[in-house]
Amino acid sequence: MNPVFNQSINIQFPNDISLTIKREDLIHPFVSGNKFRKLKYNLLKAKAENKDILLTFGGAFSNHIAAVAYAGKEQGFKTIGIIRGDELSDRIEENPTLKFAQQNGMQFEFVSREEYRLKSETSFIEKMKDKFGDFYLVPEGGTNELAVKGCEEILKEEDSVFNYVCCAVGTGGTISGLINSALPNQKILGFPALKGDFLNDEIRIFAKKDNWNLISDYHFGGYGKINLELIEFVNAFFEKTKVPLDPIYTGKMVFGVIDLISKNYFPAHSKILLIHTGGLQGIDGMNIKLKQKKLPILKTND
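Attention here is on the structure that accompanies the text. (Residues numbered from 1 in each chain as written. Predicted model: local features only at pLDDT ≥ 70, side-chain atom pairs only at ≥ 80, totals over all residues. Heavy atoms only, no water.)

Considering the overall build of the protein
Test applied: Here a strand is any run of E in DSSP of at least two residues, a helix any run of H or I of at least four, and the numbering for each starts at the N terminus. Counting rule for charge: Lys and Arg are taken as positive, Asp and Glu as negative, and neither His nor the chain ends is counted. A single reference atom marks each charge: NZ on Lys, CZ on Arg, CG on Asp, CD on Glu.
In terms of regular secondary structure, the protein is built from eleven helices and ten strands. In terms of overall dimensions, the protein has a C-alpha envelope of 60 × 45 × 35 Å along the principal axes. Between the centroid of the 38 positive side chains of the protein and the centroid of its 37 negative side chains there is a distance of 2 Å.

Right, dumping it as structure tokens:
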């Protein structure tokens, strides 16, 4: 496993504000960032329960699907992916995420978007058990109590110097772990990647403190939505720092933090830690879409 390290961002900010990024994307070459954290204790529980099948859910370019496929193969599990969108069943070869998952042994069950909404219903789960046998269920996005426990291990002793800890928010598991493990002097800021106010309630299920706030102004239109401004920001950030950002999660969060600095949101002398939650595998798929729209592609290397 590669060591995770904190990397100072060499950009001059006003009021003696400093930014550091925690490179959780480097924690594992294929199960990166928060996916590694979320799966850690779930895989241990699956083994303790003598389960040999993992079943989970995701969309066309899901980081979670890719991570479960590889982690399952690495740990000796058979993996089943319930994929949102039955039209994808004959497009695996042109989809980098699904192709990667399949190459790592994942079996797919493609369902319509209407049926996918029923994924938490007992009848749907029983139907899947009838088809695939007795499996260990990993929720969409990986968030449950064991995932939060894993995410509580993101912050280390050396991170006590930071006043603010910022992360992207999808299902709420990562931020919940950060909230629970933060020190009394630290404020946790979450930047939702999707529209809607429901995340506050989701986070409160797992979070044990009130040291946090969601900043909902930087979703760029909703989950999976990006525009030219975000593309140019992500590419410029890479040119300056050599840190690649995914456009769905971490890219939006970093954009938001730097915009807030320009608006004097943070007090002078603030030390801000940005959590890079990974997700870089999705860039290949996003670049396919960007080329179709005749937009610039995202850079991940020089």
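Section: the pattern of salt bridges
We count it as follows: We define a salt bridge as a side-chain nitrogen of Lys or Arg found within 4 Å of a carboxyl oxygen belonging to Asp or Glu. Relative accessibility under 20% of the residue-type maximum defines a buried residue, over 50% an exposed one, and the middle range a partly exposed one, all with a 1.4 Å probe and only protein chains included.
One pass over the full model with this rule turns up 16 salt bridges. Close ionic contact of Lys51 with Asp134 constitutes a salt bridge, the shortest N to O distance being 3.9 Å. Of this pair, Lys51 sits in the loop between helix H1 (34-48) and strand S3 (53-58) while Asp134 is found in the loop between helix H5 (122-132) and strand S6 (136-137), placing the two residues 83 residues apart along the sequence. Residue class for Asp134 comes out partly exposed when judged on its relative accessible area of 49%. One salt bridge connects Arg84 with Glu140, and the closest N-O pair in it is separated by 3.6 Å. Of this pair, Arg84 sits in strand S4 (residues 78-84) while Glu140 sits in the loop between S6 and helix H6 (145-151), placing them 56 residues apart in sequence.

Points about the sheet that holds strand S5 (residues 107-111)
Our working definition: Two strands qualify as a pair provided that DSSP identifies no fewer than 2 bridges between them.
Taken in spatial order, the four strands of this open sheet run S5-S4-S3-S6, and their pairing is parallel. Strands at the two margins of the open sheet, each flanked by one partner only, are S5 and S6. Bridge count between S3 and S4: six bridges; the pairing is parallel. Counted as the bridge partner of Ile53 is Lys78 from S4.

Quick word on a positive patch on the surface
Note the cut-off: Patch membership requires over 30% relative accessible area and the absence of a salt bridge. Like charges are linked within 9 Å, and nonpolar side chains (Val, Leu, Ile, Met, Phe, Trp, Tyr) within 5 Å. Only the protein chains shown count as covering a residue, and every accessible area follows the Shrake-Rupley method with a 1.4 Å probe.
A surface patch of positive charge is lined by Lys195, Lys225, Lys289 and Lys293. Inspection of the secondary structure assignment puts Lys225 in the loop between strand S9 (212-214) and helix H9 (228-241).

Details of the packing of aromatic side chains
For clarity, the cut-off: The pairing test for Phe, Tyr and Trp rings, Trp by its six-membered ring, is centres within 6.5 Å, and the orientation test on the planes gives stacked under 30 degrees, edge-to-face over 60, and tilted for anything in between. Lysine NZ or arginine CZ positioned within 6 Å of the ring centre and within 35 degrees of the ring normal marks a charge as sitting over the ring.
Counted under the stated rule, the structure contains 14 aromatic pairs. Centre to centre, the rings of Phe220 and Phe255 are 5.0 Å apart; their planes meet at 80°, and the pair counts as edge-to-face. One end of the pair, Phe220, is in the loop between S9 and H9; the other, Phe255, is in helix H10 (residues 250-262), with 35 residues separating them in the sequence. The ring of Tyr116 carries the charged tip of Arg84 above its face, separated from the ring centre by 5.3 Å.

Here we look at the state of the cysteines
The condition is simple: By disulfide we mean two sulfur atoms from cysteines, separated by a distance within 2.5 Å.
Applying the stated criterion across every chain, the model contains zero disulfides. Cysteine Cys166 is unpaired, with the sulfur of Cys167 as its nearest cysteine sulfur at 8.0 Å. Under the relative-accessibility criterion, Cys166 is labelled buried at 0%. Assessed through its relative accessible area of 0%, Cys167 is described here as buried.

Overview of the sheet that holds strand S2 (residues 18-23)
The condition that has to hold: Note on geometry: axes are lines fitted to C-alpha atoms, helical ones only across the stretch in contact, with angles between N-to-C directions running from 0 to 180 degrees.
Spatially, the six strands line up as an open sheet ordered S1-S2-S10-S7-S8-S9, and their pairing is mixed. The open sheet is flanked by strand S1 (6-8) and S9, the only strands paired with a single partner. Geometrically, the sheet is characterised by an average inter-axis angle of 25° between neighbouring strands, direction not taken into account. Note: S2 against strand S10 (residues 271-276), six bridges, orientation parallel.

On their own, these measurements won't tell you what the molecule is for.
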